[in-house]
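# Fold and contact review
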Amino acid sequence: MRNMSWSKWFSYTLLMVAIPSLLISLVVEDMASFAGLEEDYSLMLYTVSLIMSFSLLSAVMRKFLVSKGLTPSFSTKTYIDNKTVISNSFLKEMEKKLSKVDKEEEPERYVHLASMLGMSYLQNAIAFQDREMFTKALSLKEEIEKFLKSHKVKPEARTMFEGFKSKIEHSKGNFK
């Protein structure tokens, strides 16, 4: 999956979802007016058609982006598979970066890096069926949870951690 910029995602959304939904709704409203329906019914049909077309076109756009291997850069959804392996050099580099972060000065950076490192441990644990790596990921999750109880962080960092935490919870059954 390749990340795409926010502006590119916004452009796709405008072209594939927002503008067509608006046009469909306007056509439905014109047809309702032409058919002589009362204004209340016309407005109701407009609203229903806007909601339905927006929902349908959003699903179509999502399938299109997935088929092209694109995800928004601000997406918090992470994918774990059995084939991808995170290199030891990358893990060492992440551990080194994490050890240099001052938790008190940069709590968001700490949560972000720790969550990334934990997700990397989890990825390797799944790829190699390695209980030790899973234990590392689990202990990092617990460390971050403990940190978050006593520190306030921005929602983006908390969301990153929540994604990591849900992947750990989802994978627990594989390592019992």
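Residues numbered from 1 in each chain as written. Predicted model: local features only at pLDDT ≥ 70, side-chain atom pairs only at ≥ 80, totals over all residues. Heavy atoms only, no water.

The next thing to look at is helix α1 (residues 6–34). Relative to the 42 Å expected for 29 residues at 1.5 Å per residue, α1 spans 40 Å between its end C-alpha atoms, a close match to the ideal helical length. What α1 keeps buried is the set Thr-13, Val-17, Ser-21, Ser-25 and Ala-32. Looking at the packing, one finds that the buried side of α1 touches α2 (39–67). Positive phi shows up at Gly-36, right after α1, with a value of about 85°. (Helix = DSSP H or I, 4+ residues; strand = E, 2+ residues; numbered from the N terminus. Expected span 1.5 Å × (residues − 1). Buried < 20%, exposed > 50% of the residue type's maximum accessible area, 1.4 Å probe, protein only. Contact = heavy atoms within 4.5 Å.)

Right, let's get into the packing of aromatic side chains. For the structure on display, the rule yields four aromatic pairs. A centroid spacing of 5.8 Å and a plane angle of 55° characterise the contact between Tyr-12 and Phe-64, whose relative ring orientation is tilted. Residue Tyr-12 is found in helix α1, and its partner Phe-64 is found in helix α2; the two are separated by 52 residues along the sequence. When its relative accessible area of 28% is taken as the criterion, Phe-64 is described as partly exposed. Taken together, a centroid distance of 4.5 Å and an interplanar angle of 15° make the contact between Phe-134 and Phe-175 stacked. One end of the pair, Phe-134, is in helix α5 (residues 131–150); the other, Phe-175, is in the segment after α6 (155–171), and 41 residues separate them in sequence. Judged on exposure class, the residue Phe-134 and its partner Phe-175 are both buried. (Phe/Tyr/Trp six-rings, centres within 6.5 Å; stacked < 30°, edge-to-face > 60°.)

Turning our attention to the pattern of salt bridges. If you walk through the whole model with that rule in mind, you get six salt bridges. Glu-93 is paired through a salt bridge with Lys-97; the nearest N and O atoms lie 3.7 Å apart. With a gap of four residues between them, Glu-93 and Lys-97 both fall in helix α3 (residues 88–100), about one helical turn apart. For Glu-93, a relative accessible area of 42% corresponds to the partly exposed category. Its salt-bridge partner being Glu-169, residue Lys-141 comes within 3.3 Å of it at the nearest N-O pair. (Salt bridge = Lys/Arg side-chain N within 4 Å of Asp/Glu carboxyl O.)

Honestly, it's all geometry; don't read function into it.
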